Amino acid sequence: MITTFSGVVIRSCNSGESDRMITVLCAEYGKVTVLAKGARKTGSKFMSSASLYCYSTFTVQKEEEISFLREADAHNTFFGLHNSLPAIALAGYACAVCEDVATEDEGGMLMRLLLNTLFALSEGKKDIRIVKAAFELTVSCICGFLPDLSCCSICGGGISKESYLDVMNGTVICSDCKERLNGEKTANDGTASVICPITPTVITALRYIISADIKRIFSFSVGEDDLPMLEAVCEKYLLNHLERSFDALDFYKTVREV
Ligand SMILES: [Zn+2]
């Protein structure tokens, strides 16, 4: 059976003497694993299309359990990523997250998000911290963890001053309700909950990210006072819902500090 689809290489591993085993994220089939024979040979027609981060149209032939790459037409290698170590490290983290959450049947939203993220990182015009935060929160939403940030989940009141994000419930709690809750709880209560303080500016940014079209999720700015909190909240939100951590994220943090 021969199929053609466009997608991003989210994993590329050496296989045999000169082959590459690639995982492609595409809209139609989600995550697809393909063997690119001879892709590591000098002059191979799959040299760039089978490389990590490359967006290509692939023609694949399935024989028994293995899909073999027959043709590939590279559209964007996101070459600009190679100009910045933090950008390429964050791209690696984004691919690892996509690989973790992608299913084997549908990947349209996820692929759009990844393409826009790779484009922003490759261009290098957006603050990388905003790209990371918006990517993480949007992945969470795609996975079904859309937070309700409209009002306090306990009293229904508006949020105008510092409040709290209840990560696991995906809700906001105003400072008055939080104080009341603290008074009511015994020391052992709520150990499984993850509560992050958030400023009104951070809530505004979170609301923007969850309501914007994927193409525009990075098109906002946040001052230096609030940016670290935005970054921390979005990361916590994603990792707690996925219940895991990523080596690629640790690597990104290491290179960010250099
Ligand atoms: Zn309240």
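All of these numbers come straight from a predicted model, not from anything done at the bench. (Residues numbered from 1 in each chain as written. Predicted model: local features only at pLDDT ≥ 70, side-chain atom pairs only at ≥ 80, totals over all residues.)

Visitor: I'm lost on the overall build of the protein in this one. Help?
Guide: Across its full length, the protein carries 7 helices and 9 strands. With respect to the three principal axes, the spread of C-alpha positions in the protein is 65 × 35 × 30 Å. Going through the 258 residues of the protein one by one, you find that 36% of them count as buried. Taking the contacts inside the protein whose residues are at least 6 apart along the sequence as the reference set, 62% of them involve residues at least 24 apart. (Helix = DSSP H or I, 4+ residues; strand = E, 2+ residues; numbered from the N terminus. Buried ≥ 20, exposed ≤ 12 C-beta atoms within 10 Å, placed from the backbone. Contact = placed C-beta atoms within 7 Å.)

Visitor: Explain the packing of helix H1 (residues 85–101) against helix H3 (residues 128–142) here, please?
Guide: Any two packed helices are characterised by how steeply their axes cross, that is the angle between the axes, and by the distance between the axes. Where H1 meets H3, the closest approach of the two axes is 11 Å, and the angle between their N-to-C directions is 0°. Relative to H3, H1 is oriented roughly parallel. For the pair H1 and H3, the contacting residues are Pro86, Ala87, Leu90, Ala94, Val97 and Val101 in the first and Ile128, Val131, Lys132, Phe135 and Val139 in the second. Taken together, the residues that form the contact of H1 with H3 break down as 10 nonpolar, no polar and 1 charged. (Axes fitted to C-alpha atoms, helices over the stretch in contact; angles between N-to-C directions. Parallel < 35°, antiparallel > 145°, perpendicular 65-115°, else oblique. Nonpolar A, V, L, I, M, F, W, Y, C, P; charged D, E, K, R; others polar.)

Visitor: When you look at the domain arrangement of the protein in this model, what are you seeing that I'm missing?
Guide: The extent of an interface is frequently quoted as the accessible surface area lost upon association of the parts. Splitting the protein by domain gives domain 1 (2–76) and domain 2 (143–244). Computed from C-alpha atoms alone, the centre-to-centre distance between domain 1 and domain 2 is 39 Å. (Domains from an automatic or database assignment.)

Visitor: When you look at the sheet that holds strand S6 (residues 148–152) in this model, what are you seeing that I'm missing?
Guide: Each strand in a sheet pairs with another by means of backbone hydrogen bonds, the pair being arranged parallel or else antiparallel. An order of S6-S8-S7-S9 is seen for the 4 strands of this open sheet, with the pairing classed as mixed. Unpaired on one side and paired on the other, S6 and strand S9 (195–198) mark the two borders of the sheet. Between one strand axis and the next, the sheet turns by 30° as a mean value, whatever way the strands run. Note that strand S7 (residues 163–166) and S9 share 4 bridges and pair antiparallel. (Pairing = 2+ DSSP bridges.)

Visitor: Mind showing me how you'd approach unusual backbone geometry here?
Guide: Comment: phi is negative for the bulk of residues other than glycine, and the bulk of peptide bonds are trans. Non-glycine residue Glu64 carries a positive phi angle of around 55°. Tracing the backbone shows Glu64 in the loop between strand S4 (55–63) and strand S5 (66–76). Under the C-beta neighbour-count criterion, Glu64 is labelled exposed, with 5 such atoms within 10 Å. Here the phi dihedral of Glu243 falls at roughly 55°; this positive angle occurs in a residue that is not glycine. Under the C-beta neighbour-count criterion, Glu243 is labelled exposed, with 6 such atoms within 10 Å.

Visitor: Explain the environment of Ser51 here, please?
Guide: Positionally, Ser51 belongs in the loop between strand S3 (30–36) and S4. When the C-alpha positions of Ser51 and Ala74 are compared, they lie 9.8 Å apart, and in sequence the two are 23 residues distant. In this view, Ser51 contacts Val9, Ser12 and Thr77; residues no more than four positions away in its chain are not counted.

Visitor: Can you walk me through the pairing of S7 in this structure?
Guide: The two faces of a sheet get side chains in turn, since along a regular strand they alternate between them. By the bridge criterion, 3 bridges tie S7 to strand S8 (residues 171–173) in an arrangement that is antiparallel. Within S8, the residue paired with Tyr164 across the bridge is Ile173.

Visitor: Can you walk me through the packing of H3 against helix H5 (residues 200–211) in this structure?
Guide: Contact geometry for H3 and H5: axes closest at 9 Å, N-to-C directions at 55°. One element, H3, and the other, H5, form an angle in the oblique class. Along this stretch, H3 crosses H5, giving a crossing that reads as right-handed. Along its contact with H3, which presents Ala134, Leu137, Thr138 and Cys141, the element H5 presents Leu206, Ile209 and Ile210. When the residues that make up the contact of H3 with H5 are grouped by side-chain class, the tally is 6 nonpolar, 1 polar and no charged. (Left-handed = near helix turned anticlockwise from the far one by under 90°.)

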